[in-house]
Amino acid sequence: MGNDTIIAGKQIREWKDDYPLLQPLSETEEVFWTNPLYTGFDGTAAQVTAEDVQDASDRLQRFAPFIEKAFPETAESGGLIESKLVRIKDMQSLLAEKSGQELPGSLWLKCDSHLPISGSIKARGGIYEVLAHAEALAWKHQMLSKESDYAVLDSDAFRDLFSRYSIAVGSTGNLGLSIGVISAKLGFRVTVHMSADAKAWKKDLLRKRGVTVVEYEADYGKAVEEGRKQAEADPTCYFIDDENSKHLFLGYAVAANRLKKQLDEQQITVDREHPLFVYLPCGVGGGPGGVAYGLKLIYGENVHCLFAEPTHSPCMLIGLMTGLHDQVSVQDFGIDNKTDADGLAVGRPSRFVGKAIESLLSGIYTVDDQELYRLLRDLYDTESIRLEPSALAGMPGPVRLQQTEAGQAYLTRHHLTDKMKDATHIVWATGGSMVPPEVQEEYYAKGVQASKGK
Ligand SMILES: *Cc1c(COP(=O)(O)O)cnc(C)c1O
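The protein has the name Probable D-serine dehydratase in an unreviewed UniProt entry, where Brevibacillus fluminis is given as its organism. Under Sequence similarities (unreviewed entry), UniProt gives the following word-for-word description of the protein: "Belongs to the serine/threonine dehydratase family. DsdA subfamily." In its Catalytic activity (unreviewed entry) section, the UniProt entry covering the protein states "D-serine = pyruvate + NH4(+)".

S.K.: Help me out: how do you make sense of the overall build of the protein in this one?
M.R.: Regarding its fold elements, the protein presents 17 helices and 13 strands. The globule rule puts the C-alpha radius of gyration for 454 residues at 22 Å, and the 21 Å found for the protein is close to it. By principal-axis analysis of the C-alpha atoms, the protein measures approximately 60 × 55 × 45 Å. When each of the 454 residues of the protein is scored for burial, the buried share is 60%. Excluding contacts between residues fewer than 6 apart, the proportion of contacts in the protein whose partners are at least 24 apart in sequence is 74%.

S.K.: I tried to follow the site of the ligand on my own but got confused; where do I start?
M.R.: The ligand sits among 15 residues. The nearest are Lys 122, Asn 174, Gly 285, Gly 287 and Thr 430. Asn 174 has a polar side-chain atom sitting 2.7 Å from an oxygen atom of the ligand. Gly 283 places a main-chain nitrogen or oxygen 2.7 Å from an oxygen atom of the ligand. Burial of the ligand by the protein amounts to 99% of the accessible area it has alone, namely 380 Å².

S.K.: Which parts of the structure should I look at to understand the packing of helix α4 (residues 89-99) against helix α14 (residues 369-383)?
M.R.: The geometry of a pair of packed helices is captured by two quantities: the angle between their axes and the separation between those axes. In contact at an axis separation of 8 Å, α4 and α14 are set at 130° when each is read in the N-to-C sense. Comparing the axis directions of α4 and α14 gives the class oblique. Where α4 crosses over α14, the handedness of that crossing is right-handed. Note on element contacts: α14 touches α4 through Leu 375, Asp 378, Leu 379, Thr 382 and Glu 383, opposite Lys 89, Asp 90, Met 91, Leu 94, Leu 95 and Lys 98.

S.K.: Help me understand the UniProt feature "domain: Tryptophan synthase beta chain-like PALP" (unreviewed entry) in the protein in this model?
M.R.: The UniProt entry lists residues 97-400 under the feature "domain: Tryptophan synthase beta chain-like PALP" (unreviewed entry), expressed in the numbering used here. Here residues 97-400 is 43% helix and 15% strand, with 14 Å between the C-alpha atoms at its ends.

S.K.: What is the right way to read the UniProt feature "modified residue: N6-(pyridoxal phosphate)lysine" (unreviewed entry) in the protein from this model?
M.R.: Per the UniProt entry, the sites bearing "modified residue: N6-(pyridoxal phosphate)lysine" (unreviewed entry) are Lys 122 in this numbering. Here Lys 122 lies in helix α5 (residues 122-140). By relative accessible area, which is 14% here, Lys 122 ends up buried. Discounting residues that sit within four places of it in the chain, Lys 122 has contacts with Ile 127, Asn 174, Leu 175, Ser 178 and Tyr 252.

Rules used in this analysis
Residues numbered from 1 in each chain as written. Predicted model: local features only at pLDDT ≥ 70, side-chain atom pairs only at ≥ 80, totals over all residues. Heavy atoms only, no water. UniProt positions renumbered as here; feature names shortened; annotations may be inferred. Helix = DSSP H or I, 4+ residues; strand = E, 2+ residues; numbered from the N terminus. Rg over C-alpha atoms; globule rule 2.2 N^0.38 Å. Buried < 20%, exposed > 50% of the residue type's maximum accessible area, 1.4 Å probe, protein only. Contact = heavy atoms within 4.5 Å. Near = heavy atom within 4 Å. Polar contact = N/O pair within 3.5 Å; in protein donor to acceptor, adjacent residues only side chain to side chain. Areas by Shrake-Rupley, 256 points an atom, 1.4 Å probe, with all protein chains shown as cover. Axes fitted to C-alpha atoms, helices over the stretch in contact; angles between N-to-C directions. Parallel < 35°, antiparallel > 145°, perpendicular 65-115°, else oblique. Left-handed = near helix turned anticlockwise from the far one by under 90°.

In structure tokens:
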């Protein structure tokens, strides 16, 4: 890509003059960026309110009896799809040791990697949107009301109803997995449009559940585009639009209220003297954006949310930094969007999410794939927790915050330096429990390989 190529009316060279970070980004170096538009949080940023999040939370509660019946593995949580928050002390020590960087505060892992039903953060947004759609249809056909026991949804009468409708989605894997499994369970006809990078085991698992899987040679953007086109031609088809969905966003945002409860149970205080830092892997933006938004509604300026992207797919960073959002892709800057981090191989960010978070996100950093593998190995060695590579993207966050000039400047600017000893860091582990053991072994071996000479 030549430096005189025009993007949104300006030459690449001019973009790089205006935003010098674009140079190392386009060379796929690891970078740490803090957001100049960050305002703490004034709560007026987006078209999403605290009431909307509460409404989504109530909806999930209504569905709990159905979820519990259809997926007995959720019995423990009463039909809520929720994950544990665990302290990872040994990993914290190892991170400090390897980086030569003191890491004050305490480090926790939010284990969405082990969410029931589909083993990734997509079990929040993806499943929520399908449930919202199913509820609207059932209400319309007067087969259900708010007061019903939703366990009745697990019946032939409802499966017959939903079999007259179809659902489609474009995905790099995990969203398709979540939407495919829940849609098939409810009785919908469901088609998942998979990008080239989607893993074979994810496609196999879906086909086994009766899901139609369409494969593309191209990346995620293309899979979504084709899915959208096919869905538009069929009036009974509901398309789940990962690039633009308020429903998905709300499903993710509910995680924040649930996390607050877990922090309260652990007697972890979040206030001016006890800041909370949350590190979230970002693809198109809905998952991390929804969670961050929900957390901001609760904790305001006392929570600091950072996104993590692969060095080869820094779409949200480029979209936010340039203000171009979905008008720019990583390919425009000569970046290939090729990464082993499933779910993060996204070249163009969501504008809806970008606008919703542009004043509440503290920053974004990028991580090399080899580093993801090293961290994957380290986490298994220290804590016996297995994740998929993308889910490790949050892990270097606390080190980067302390170690980079931009991170230090952020801490100084927000008077956080002397409060770090009382800080809580949460790394959001976004996927991994469904990875087949032999694939997990390969990941670990790559981690061993990547650690050589390090
Ligand atoms: C989808 C996904 C993410 C990011 O979510 P987006 O909504 O695409 O930003 C992170 N980690 C994993 C494992 C995912 O599947």
